[in-house]
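For reference, the chains in residue letters:
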Amino acid sequence: MRVLVACEASGTVTAAFRSKGIEAYSCDIIPTYGNHPEHHIIGDAIEEAHSGKYDMLIAFPPCTYLSNAGAVRLFPKGVRNEKRYQKGLEAKAFFMALLHAPVTHVCIENPTPLKCFELPPQTQVIQPWHHGHPYTKRTLLWLRNLPQLQRTDTITKGLQSWVKVHRNVTKRQKTFDGIADAMADQWHNPANFDKQLSLF
(Lines give C-alpha, C1' and ligand atoms only; values in the text may rest on other atoms or scores of the structure.)
Protein backbone atom coordinates (compact mmCIF):
# COMPACT_ATOMS: atom_id res chain seq x y z
CA MET A 1 0.00 0.00 0.00
CA ARG A 2 1.15 3.53 -0.78
CA VAL A 3 -0.01 6.44 1.39
CA LEU A 4 0.02 10.15 0.57
CA VAL A 5 -0.11 12.57 3.50
CA ALA A 6 -1.10 15.82 1.82
CA CYS A 7 -0.40 19.28 3.22
CA GLU A 8 1.99 17.90 5.82
CA ALA A 9 5.40 19.55 6.32
CA SER A 10 6.19 18.01 9.72
CA GLY A 11 6.32 14.42 8.48
CA THR A 12 4.58 13.22 11.66
CA VAL A 13 1.86 11.06 10.07
CA THR A 14 4.20 9.94 7.32
CA ALA A 15 6.74 8.71 9.89
CA ALA A 16 4.00 6.87 11.82
CA PHE A 17 3.00 4.91 8.70
CA ARG A 18 6.63 4.31 7.77
CA SER A 19 7.14 2.75 11.21
CA LYS A 20 4.55 0.15 10.14
CA GLY A 21 6.47 -0.70 6.98
CA ILE A 22 4.12 1.31 4.76
CA GLU A 23 5.45 3.32 1.82
CA ALA A 24 4.22 6.78 2.81
CA TYR A 25 5.07 10.25 1.52
CA SER A 26 4.20 13.72 2.74
CA CYS A 27 3.48 16.49 0.23
CA ASP A 28 3.40 20.26 0.62
CA ILE A 29 4.41 23.38 -1.28
CA ILE A 30 7.13 23.98 1.34
CA PRO A 31 10.07 21.76 2.37
CA THR A 32 9.61 19.41 5.28
CA TYR A 33 10.93 20.32 8.71
CA GLY A 34 10.80 16.64 9.68
CA ASN A 35 13.74 14.25 9.87
CA HIS A 36 13.28 12.53 6.50
CA PRO A 37 13.25 14.90 3.52
CA GLU A 38 13.61 11.86 1.25
CA HIS A 39 10.00 10.97 2.17
CA HIS A 40 8.68 14.45 1.30
CA ILE A 41 7.39 15.74 -2.03
CA ILE A 42 7.54 19.49 -2.60
CA GLY A 43 4.68 20.24 -4.92
CA ASP A 44 0.93 20.54 -5.55
CA ALA A 45 -0.97 18.26 -3.16
CA ILE A 46 -4.01 18.06 -5.44
CA GLU A 47 -1.92 17.07 -8.44
CA GLU A 48 -0.19 14.38 -6.37
CA ALA A 49 -3.48 13.14 -4.88
CA HIS A 50 -4.97 12.81 -8.39
CA SER A 51 -1.89 11.07 -9.83
CA GLY A 52 -3.29 7.56 -9.37
CA LYS A 53 -0.18 6.43 -7.46
CA TYR A 54 -1.73 6.04 -4.00
CA ASP A 55 -4.08 3.70 -2.16
CA MET A 56 -4.70 5.98 0.81
CA LEU A 57 -4.86 9.75 1.22
CA ILE A 58 -4.68 11.54 4.55
CA ALA A 59 -4.93 15.29 4.04
CA PHE A 60 -4.71 18.40 6.19
CA PRO A 61 -5.90 21.18 3.84
CA PRO A 62 -5.39 24.81 4.94
CA CYS A 63 -8.19 25.92 7.22
CA THR A 64 -7.45 29.64 7.71
CA TYR A 65 -10.40 30.83 5.65
CA LEU A 66 -12.76 27.91 6.35
CA SER A 67 -12.51 27.61 10.12
CA ASN A 68 -15.30 28.79 12.38
CA ALA A 69 -12.60 30.49 14.43
CA GLY A 70 -12.31 33.06 11.65
CA ALA A 71 -15.95 34.15 11.78
CA VAL A 72 -15.12 37.52 13.33
CA ARG A 73 -12.76 38.26 10.42
CA LEU A 74 -15.21 37.11 7.77
CA PHE A 75 -18.06 39.18 9.24
CA PRO A 76 -16.46 42.26 10.85
CA LYS A 77 -19.22 44.40 12.35
CA GLY A 78 -21.73 41.98 10.85
CA VAL A 79 -20.77 42.73 7.23
CA ARG A 80 -19.22 40.03 5.05
CA ASN A 81 -15.65 40.65 3.96
CA GLU A 82 -15.92 39.73 0.26
CA LYS A 83 -12.17 39.24 -0.30
CA ARG A 84 -11.98 36.84 2.62
CA TYR A 85 -15.15 35.08 1.46
CA GLN A 86 -13.61 34.48 -1.98
CA LYS A 87 -10.51 33.03 -0.33
CA GLY A 88 -12.84 30.78 1.66
CA LEU A 89 -14.46 29.55 -1.56
CA GLU A 90 -11.01 28.80 -2.98
CA ALA A 91 -10.13 26.90 0.21
CA LYS A 92 -13.39 24.93 -0.10
CA ALA A 93 -12.56 23.99 -3.70
CA PHE A 94 -9.14 22.77 -2.56
CA PHE A 95 -10.77 20.76 0.28
CA MET A 96 -13.32 19.16 -2.07
CA ALA A 97 -10.67 18.29 -4.67
CA LEU A 98 -8.86 16.30 -1.98
CA LEU A 99 -12.05 14.76 -0.59
CA HIS A 100 -13.00 13.44 -4.03
CA ALA A 101 -9.51 12.42 -5.15
CA PRO A 102 -9.40 9.08 -7.00
CA VAL A 103 -7.93 7.24 -4.02
CA THR A 104 -9.61 4.22 -2.39
CA HIS A 105 -9.16 5.24 1.26
CA VAL A 106 -9.47 8.91 2.20
CA CYS A 107 -9.27 10.94 5.40
CA ILE A 108 -9.54 14.75 5.37
CA GLU A 109 -8.83 16.60 8.62
CA ASN A 110 -9.98 20.14 9.49
CA PRO A 111 -11.38 22.14 12.40
CA THR A 112 -15.07 23.04 12.60
CA PRO A 113 -15.87 24.96 9.39
CA LEU A 114 -18.03 28.03 8.93
CA LYS A 115 -21.57 27.04 7.94
CA CYS A 116 -21.67 29.51 5.06
CA PHE A 117 -19.17 27.39 3.09
CA GLU A 118 -21.47 24.35 3.27
CA LEU A 119 -18.87 21.62 3.59
CA PRO A 120 -20.27 18.07 3.73
CA PRO A 121 -21.08 16.74 7.21
CA GLN A 122 -18.04 15.26 8.91
CA THR A 123 -17.78 11.57 9.71
CA GLN A 124 -16.18 11.94 13.12
CA VAL A 125 -15.01 14.40 15.78
CA ILE A 126 -11.74 13.64 17.59
CA GLN A 127 -9.75 15.32 20.35
CA PRO A 128 -6.08 15.11 21.42
CA TRP A 129 -7.25 13.85 24.81
CA HIS A 130 -8.69 10.77 23.06
CA HIS A 131 -5.11 9.78 22.22
CA GLY A 132 -2.97 10.52 25.26
CA HIS A 133 -2.51 14.31 25.09
CA PRO A 134 -4.00 16.51 27.89
CA TYR A 135 -5.35 19.12 25.48
CA THR A 136 -8.58 20.12 23.80
CA LYS A 137 -8.58 20.87 20.07
CA ARG A 138 -11.82 19.89 18.35
CA THR A 139 -10.89 18.24 15.09
CA LEU A 140 -13.15 16.84 12.39
CA LEU A 141 -12.48 13.90 10.09
CA TRP A 142 -14.17 13.23 6.74
CA LEU A 143 -13.65 9.54 5.95
CA ARG A 144 -14.16 7.47 2.81
CA ASN A 145 -13.62 3.71 2.98
CA LEU A 146 -11.95 4.08 6.36
CA PRO A 147 -13.30 3.05 9.78
CA GLN A 148 -13.69 5.71 12.43
CA LEU A 149 -10.57 6.28 14.49
CA GLN A 150 -10.86 4.50 17.85
CA ARG A 151 -9.67 6.12 21.07
CA THR A 152 -6.33 4.81 22.30
CA ASP A 153 -5.56 6.59 25.60
CA THR A 154 -8.37 8.74 27.01
CA ILE A 155 -7.42 11.54 29.40
CA THR A 156 -10.19 13.38 31.25
CA LYS A 157 -8.41 15.51 33.87
CA GLY A 158 -6.22 18.58 33.67
CA LEU A 159 -7.16 19.39 30.08
CA GLN A 160 -5.98 22.65 28.53
CA SER A 161 -6.83 24.40 25.27
CA TRP A 162 -4.06 23.62 22.76
CA VAL A 163 -4.69 26.89 20.90
CA LYS A 164 -4.37 28.98 24.06
CA VAL A 165 -1.28 27.15 25.30
CA HIS A 166 0.60 27.34 22.00
CA ARG A 167 0.50 30.58 20.03
CA ASN A 168 3.09 29.42 17.48
CA VAL A 169 1.08 28.57 14.35
CA THR A 170 3.54 25.96 13.05
CA LYS A 171 3.53 24.11 16.37
CA ARG A 172 -0.27 24.32 16.60
CA GLN A 173 -0.72 22.82 13.13
CA LYS A 174 1.49 19.79 13.72
CA THR A 175 -0.48 16.57 14.15
CA PHE A 176 -0.33 15.12 17.66
CA ASP A 177 1.90 12.06 17.85
CA GLY A 178 -0.88 10.07 19.55
CA ILE A 179 -3.31 10.79 16.70
CA ALA A 180 -0.69 10.01 14.04
CA ASP A 181 0.15 6.72 15.77
CA ALA A 182 -3.55 5.81 16.04
CA MET A 183 -4.04 6.42 12.31
CA ALA A 184 -1.04 4.25 11.44
CA ASP A 185 -1.93 1.50 13.92
CA GLN A 186 -5.58 1.29 12.87
CA TRP A 187 -5.36 2.04 9.15
CA HIS A 188 -2.10 0.49 7.94
CA ASN A 189 -3.83 -2.75 6.93
CA PRO A 190 -7.09 -2.34 4.94
CA ALA A 191 -7.72 -6.08 5.27
CA ASN A 192 -8.66 -5.42 8.92
CA PHE A 193 -11.31 -2.80 8.13
CA ASP A 194 -14.94 -3.45 8.97
CA LYS A 195 -17.27 -3.88 6.01
CA GLN A 196 -19.45 -0.92 7.02
CA LEU A 197 -17.46 2.18 6.16
CA SER A 198 -18.28 5.86 5.71
CA LEU A 199 -18.52 7.07 2.12
CA PHE A 200 -18.48 10.42 0.34
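You'll find the structure just up there.
Predicted, not measured: the structure shown is a model, and the values here were computed from it. (Residues numbered from 1 in each chain as written. Predicted model: local features only at pLDDT ≥ 70, side-chain atom pairs only at ≥ 80, totals over all residues. Heavy atoms only, no water.)

Draft legend 1. Broad picture of the overall build of the chain. Scanning the chain for helices and strands turns up seven helices and nine strands. For the chain, whose C-alpha radius of gyration is 17 Å, the value lies close to the compact-globule estimate of 16 Å for 200 residues. When its C-alpha atoms are laid out on the principal axes, the chain stretches across 50 × 45 × 35 Å. Counting the 200 residues in the chain, one finds 44% classified as buried. Carbon and sulfur atoms provide 51% of the accessible area of the chain, an area that totals close to 10,500 Å². For the chain, the distance from the average position of its 23 positive side-chain charges to the average position of its 17 negative side-chain charges is 11 Å. (Helix = DSSP H or I, 4+ residues; strand = E, 2+ residues; numbered from the N terminus. Rg over C-alpha atoms; globule rule 2.2 N^0.38 Å. Buried < 20%, exposed > 50% of the residue type's maximum accessible area, 1.4 Å probe, protein only. Areas by Shrake-Rupley, 256 points an atom, 1.4 Å probe, with all protein chains shown as cover. Lys, Arg positive; Asp, Glu negative; His and termini not counted. Charge placed at Lys NZ, Arg CZ, Asp CG, Glu CD.)

Draft legend 2. The nonpolar core, seen in detail. In terms of nonpolar packing, the biggest core is built from 52 residues, with Phe17, Leu57, Ile58, Ile108, Met183 and Trp187 touching the most fellow members. The greatest single-element share of this core, amounting to six residues, is contributed by helix α7 (residues 177-187). Not counting residues within four places of it along the chain, the set of residues in contact with Leu57 comprises Leu4, Ala6, Ala49, Leu98, Ala101, Val103, His105, Val106, Cys107 and Ile108. (Core = buried A, V, L, I, M, F, W, Y, C linked by side-chain atoms within 4.5 Å. Contact = heavy atoms within 4.5 Å.)

Draft legend 3. Expanded view of the pattern of salt bridges. Within this structure, the stated rule accounts for five salt bridges. The partner of Glu48 in a salt bridge is Lys53, with the nearest N and O atoms 3.0 Å apart. With relative accessibility at 39%, the residue Lys53 sits in the partly exposed group. Among the ionic pairs, Glu82 bridges to Arg80, the shortest N-O distance being 2.9 Å. On the basis of relative accessibility, which here comes to 42%, the residue Glu82 falls in the partly exposed class. (Salt bridge = Lys/Arg side-chain N within 4 Å of Asp/Glu carboxyl O.)

Draft legend 4. Quick peek at the side chain of His105. Relative to the elements of secondary structure, His105 occurs in strand β5 (residues 105-110). Among the polar contacts listed, one links the side chain of His105 to the backbone oxygen of Asn145, at a separation of 2.6 Å. (Polar contact = N/O pair within 3.5 Å; in protein donor to acceptor, adjacent residues only side chain to side chain.)

Draft legend 5. Structural view of unusual backbone geometry. Despite not being glycine, Lys77 has its phi angle at roughly 55°, a positive value. Inspection of the secondary structure puts Lys77 in the loop between α3 (71-74) and α4 (82-99). The backbone phi angle of Glu118 is positive, close to 50°, even though this residue is not glycine. Looking at the secondary structure, you find Glu118 in the loop between β5 and β6 (124-126).

Draft legend 6. Representation of the environment of Thr175 in the model. Summarising the element assignment, Thr175 is placed in the loop between α6 (169-173) and α7. Separated by 165 residues in the primary sequence, Thr175 and Ser10 place their C-alpha atoms 8.1 Å from one another. Here Thr175 is in contact with Thr12, Val13, Phe60 and Ala180, once residues within four sequence places are set aside.

Draft legend 7. A look at the packing of aromatic side chains. As enumerated under the stated definition, the model contains five aromatic pairs in all. Plain terms: the ring middles of Tyr85 and Phe117 are 5.5 Å apart, the flat faces sit at 15° to each other, and that makes the pair stacked. You can see Tyr85 sitting in helix α4 and its partner Phe117 sitting in the loop between β5 and β6, a full 32 residues away along the chain. Relative accessible area serves as the criterion here: at 1%, Phe117 is assigned to the buried category. Look at Tyr135 and Trp162: their rings are 4.7 Å apart centre to centre, the planes differ by 70°, and that puts the pair in the edge-to-face class. (Phe/Tyr/Trp six-rings, centres within 6.5 Å; stacked < 30°, edge-to-face > 60°.)

Draft legend 8. Examining the sheet that holds strand β3 (residues 40-42) more closely. Taken together, seven strands build an open sheet; the order of strands is β3-β2-β1-β4-β5-β8-β6 and the sheet is mixed. The sheet is open, and its two edges are formed by β3 and β6, each paired on a single side. Across this sheet, the average inter-strand angle for adjacent strands is 20°, counted without regard to direction. Examined bridge by bridge, strand β1 (residues 2-6) and strand β2 (residues 23-28) share five bridges and lie parallel to one another. When the sheet's bridge partners are listed, Arg2 is paired in β2 with Glu23. (Pairing = 2+ DSSP bridges. Axes fitted to C-alpha atoms, helices over the stretch in contact; angles between N-to-C directions.)

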